[in-house]
Amino acid sequence: MSVYDLPNLACPIYGARLQRSTCTNCNAAYTRRYLKVQRRVTPAVALHSRARQRAARRGLPFDLDVSDVIVPSICPALGVPLVVGEMRSPYSPSLDCIRPALGYVRGNTRVISDQANHLKGVLDIEGLIKRAVASVDQRREDYARLAAYLDRELLLADVRRKAALAGAAGEEWAEVAKFLDAAFVRADWKR
Ligand SMILES: [Zn+2]
């Protein structure tokens, strides 16, 4: 009995006693269940595949590997805990396109909370600050945090661009990029 041997798996021919090696229905039923469990146990796989579908639908570039999708324990934008393996909630992980027009390309994505991604939408820093000014209480704080998050990400993107330069300067910028990237995903980020 493995986690993939769950009830409700059935084939029109063999019922619940799947014969995967000889029956395509059985194999398909097993594969569907397998993928469903994978999505639940490995949120990065689910985020990656949903992002790929979104990118295709919107005609946006996509070049991410699953390994590019890192799910931290704390939302780097709002500082709230990220909750995986549960029903979708404001605390579910969500893949942010830092600059939406660039699409899901390496260096332009970050896993943040669903709530943060929803609030951010396609706003730039100026738009986020305007929202912060126009909002009150928690919402104002959230928009201000999102503006600060986006500011950090754009700084990192700029450092990465410089790191791509040839020579010693490029290597030094690469060190800075590595340091910043690690700092941004640190789980002890305090709100
Ligand atoms: Zn079958």
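Residues numbered from 1 in each chain as written. Predicted model: local features only at pLDDT ≥ 70, side-chain atom pairs only at ≥ 80, totals over all residues.

**Quick look at the overall build of the protein chain**
On a plain count of helices and strands, the protein chain comes out with six helices and two strands. For the protein chain, the α and β elements follow one another from N to C terminus as α-α-β-β-α-α-α-α. By the compact-globule yardstick of 16 Å for 191 residues, the protein chain is too spread out, its C-alpha radius of gyration being 21 Å. If one aligns the C-alpha atoms of the protein chain with their principal axes, the spans along those axes are about 60 × 50 × 35 Å. Looking at the 191 residues of the protein chain, the share that counts as buried comes to 21%. Expressed as a percentage of contacts within the protein chain between residues at least 6 apart in sequence, the contacts between residues at least 24 apart total 46%. (Helix = DSSP H or I, 4+ residues; strand = E, 2+ residues; numbered from the N terminus. Rg over C-alpha atoms; globule rule 2.2 N^0.38 Å. Buried ≥ 20, exposed ≤ 12 C-beta atoms within 10 Å, placed from the backbone. Contact = placed C-beta atoms within 7 Å.)

**Describing the pairing of strand S1 (residues 93-97)**
Counting buried positions over the five residues of S1 gives five, a clear majority of the element. Here S1 shows two buried faces, one formed by Pro 93, Leu 95 and Cys 97 and the other by Ser 94 and Asp 96. Pairing geometry for S1 and strand S2 (residues 109-113), over five bridges, is antiparallel. Residue pairing across strands places Asp 96 opposite Arg 110, the latter belonging to S2. (Pairing = 2+ DSSP bridges.)

**So, the nonpolar core**
Formed by 22 residues in total, the largest nonpolar core has its most connected members in Leu 47, Cys 75, Ala 77, Ala 116 and Leu 146. For this core, the secondary structure elements donating two or more residues are helix H2 (43-58), S1, S2, helix H3 (114-120) and helix H5 (137-163). Ranked by the residues each element gives to this core, the list is headed by H5, at five residues. (Core = buried A, V, L, I, M, F, W, Y, C linked by C-beta atoms within 7 Å.)

**Let's talk about unusual backbone geometry**
We note that Asp 137 has phi near 50°; this positive angle belongs to a residue other than glycine. Checked against the element boundaries, Asp 137 lands in helix H5. Of the residues examined, Asp 137 has 7 C-beta atoms within 10 Å and is grouped as exposed.

**Observations regarding the domain arrangement of the protein chain**
Entries for the protein chain in the domain assignment read domain 1 (1-41) and domain 2 (43-185). Here domain 1 and domain 2 have C-alpha centroids that lie 36 Å from each other. (Domains from an automatic or database assignment.)

**Some details on the environment of Ala 44**
With respect to the helices and strands, Ala 44 occurs in helix H2. Considering only alpha carbons, one finds Ala 44 and Glu 141, 97 residues apart in sequence, at a separation of 28 Å. When sequence neighbours within four positions are dropped, the list of residues in contact with Ala 44 reads Val 66, Val 69 and Val 71.

**A word on the confidence of the model for the protein chain**
The predicted model of the protein chain has a mean per-residue pLDDT of 88, with 90% of residues at 70 or higher. Scored below 50 in pLDDT, residues 187-191 shows nine contacts in the model against residues more than four places distant or in partner chains. (pLDDT = per-residue confidence, 0-100.)

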